[in-house]
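Below are the chains, spelled out letter by letter.
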Amino acid sequence: MNPDISRKGLAVVTGASSGIGYELARCAVQDGYDLIVVADEAEIESAAARLRAAGTEVEAVQADLSTQAGVEKLLSRIAADGRPVDLLFANAGQGLGDGFLDQQMEAIQRVIATNISGTVALVHAVGNSMRQRGSGRILFTGSIAGFMPGTFQAVYNATKAFINSFSFALREELNGSGVTVTCLMPGATETAFFERADMLDTPVGKQKKDDPGFVAQVGYEAMMNGEGDVVSGWKNKLMTAAANVTPAETLARQHRKMAEPEGD
């Protein structure tokens, strides 16, 4: 254990094997928090090993948060730790490209279950514990995609619209409770998201993207400052501002230009 680290408490990060989730976990360990990191793939073990280099305790949990069993597995590990969760990063999410009617229903349901159902179940459990003791911070990874009808990404964008809206409402409900809620809304970020969503043959999949370390730092600082929401990057801020005053039909047409697979 690094004697120079000032130990602060326990943080839980979902979707932490790579990308924004891993970088959020890195922010927390560098700030002195012990971690429980979660992902649905075996790579979470190697991610945890790298994170331990900062000098705090890091426990890896491989669990599929699209399932009730996966959520319960994580909650059991949290309970076994015995400490309250000081920081909850609700970051786990899945994307899905192509036209809605061309997608497999199993894949559609998995995106909804991961992005919405599993996230809501986890936040309900941990959030209640935070409210009961009167302290804690929750960060949702939303998206600027939640402001736009997602042509050729219809299900994913709709789930992010839910997360954005849900986080704002929960924040107001917890006002004065000692628990803060923040929503990080990034744009396209250089992660495995587009490969996993089968979107490498789209304009957005090919374009230059934001650095996940930068995005995570923006979100982490906003959470620690108790801010309600933050959009990472000035280009994304401009896109969000424009989306608020642009007709939905126009936004859907613009999104098609970004997300339609080549050849369609």
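Our subject in this report is the structure included herewith. Everything quoted here is computed from the prediction, not taken from an experiment. (Residues numbered from 1 in each chain as written. Predicted model: local features only at pLDDT ≥ 70, side-chain atom pairs only at ≥ 80, totals over all residues. Heavy atoms only, no water.)

### A word on the sheet that holds strand S2 (residues 33-39)
Next up, step 1: In spatial order, the strands read S3-S2-S1-S4-S5-S6-S7; together these seven strands make up an open sheet with parallel pairing. Only two strands of the sheet have a single partner each, and these edge strands are strand S3 (58-62) and strand S7 (229-231). The average undirected angle you get between the axes of adjacent strands in this sheet is 15°.
Next up, step 2: In terms of strand pairing, strand S6 (residues 179-185) meets S7 through three bridges, oriented parallel. Bridged to Cys-183 within S7 is Asp-229. (Pairing = 2+ DSSP bridges. Helix = DSSP H or I, 4+ residues; strand = E, 2+ residues; numbered from the N terminus. Axes fitted to C-alpha atoms, helices over the stretch in contact; angles between N-to-C directions.)

### As for the side chain of Thr-141
Next up, step 1: With respect to the helices, strands and loops of the structure, Thr-141 is situated in strand S5 (residues 136-141).
Next up, step 2: A relative accessible area of 7% places Thr-141 in the buried class.
Next up, step 3: A polar contact of 2.9 Å, which involves the side chain of Thr-141, links it to the side chain of Asn-91.
Next up, step 4: The residues contacting Thr-141, other than those within four sequence positions of it, are Leu-24, Ala-90, Asn-91, Lys-160, Ile-163, Leu-184 and Pro-186. (Buried < 20%, exposed > 50% of the residue type's maximum accessible area, 1.4 Å probe, protein only. Polar contact = N/O pair within 3.5 Å; in protein donor to acceptor, adjacent residues only side chain to side chain. Contact = heavy atoms within 4.5 Å.)

### With respect to the side chain of Glu-41
Next up, step 1: Considering the arrangement of structural elements, one finds Glu-41 in the loop between S2 and helix H2 (43-51).
Next up, step 2: In this view, Glu-41 contacts Ser-17, Gln-62 and Arg-196; residues no more than four positions away in its chain are not counted.

### Concerning the nonpolar core
Soluble globular proteins tend to pack their nonpolar side chains together in the buried interior.
Next up, step 1: Counting 31 residues, the largest nonpolar core has Val-13, Leu-35, Val-37, Leu-51, Phe-89 and Tyr-220 as its most contacted members.
Next up, step 2: At the level of elements, strand S1 (9-14), helix H1 (19-30), S2, H2, S3, strand S4 (85-90) and helix H8 (212-224) are the ones that each hand at least two residues to this core.
Next up, step 3: If one sorts the elements of this core by residue count, H1 sits on top with seven residues.
Next up, step 4: Beyond its immediate chain neighbours, meaning those up to four positions away, Tyr-220 contacts Leu-24, Cys-27, Ala-28, Asp-31, Tyr-33, Leu-87 and Phe-89. (Core = buried A, V, L, I, M, F, W, Y, C linked by side-chain atoms within 4.5 Å.)

### Focus: the pairing of S4
Next up, step 1: For S4, the tally of buried residues reaches five of six residues, placing the bulk of the element in the interior.
Next up, step 2: The pairing of S1 with S4 spans four bridges and is parallel. Counted as the bridge partner of Leu-10 is Val-85 from S4.
Next up, step 3: Bridging between S4 and S5 involves four bridges; their strand directions are parallel. Across the sheet, Leu-87 pairs through a bridge with Arg-137, a residue of S5.
Next up, step 4: Note that the unit made of S4, helix H4 (residues 105-133) and S5 has a crossover that is right-handed. (Right-handed = clockwise from strand over helix to strand, strands pointing away.)

### Comments concerning the packing of helix H3 (residues 68-81) against H4
Next up, step 1: For the pair H3 and H4, interaxial distance at closest approach is 10 Å and the crossing angle is 25°. The angle between H3 and H4 places the two elements in the roughly parallel class. The handedness of the crossing between H3 and H4 is right-handed. Here Val-71, Leu-74, Leu-75 and Ile-78 of H3 lie close against H4, whose contacting residues are Gly-118, Ala-121, Leu-122, Ala-125 and Val-126.
Next up, step 2: In terms of residue class, the contact of H3 with H4 is built from eight nonpolar, one polar and no charged. (Parallel < 35°, antiparallel > 145°, perpendicular 65-115°, else oblique. Left-handed = near helix turned anticlockwise from the far one by under 90°. Nonpolar A, V, L, I, M, F, W, Y, C, P; charged D, E, K, R; others polar.)

### Section: the environment of Gly-146
Next up, step 1: As for its position among the elements, Gly-146 is in the loop between S5 and helix H5 (154-173).
Next up, step 2: Distance from Gly-146 to Ala-161, taken between C-alpha atoms, is 3.7 Å for residues 15 residues apart in sequence.
Next up, step 3: Non-local contacts of Gly-146, meaning those with residues more than four positions away in its chain, are made with Asn-157, Lys-160, Ala-161 and Asn-164.

### Details of the pairing of S6
Next up, step 1: Most of S6 sits inside the fold, with seven of its seven residues counted as buried.
Next up, step 2: Side-chain alternation along S6 places Val-179, Val-181, Cys-183 and Met-185 on one buried face and Thr-180, Thr-182 and Leu-184 on a second face that is also buried.
Next up, step 3: Pairing between S5 and S6: six bridges, direction parallel. Residue pairing across strands places Thr-141 opposite Leu-184, the latter belonging to S6.
Next up, step 4: Note that the unit made of S5, H5 and S6 has a crossover that is right-handed.

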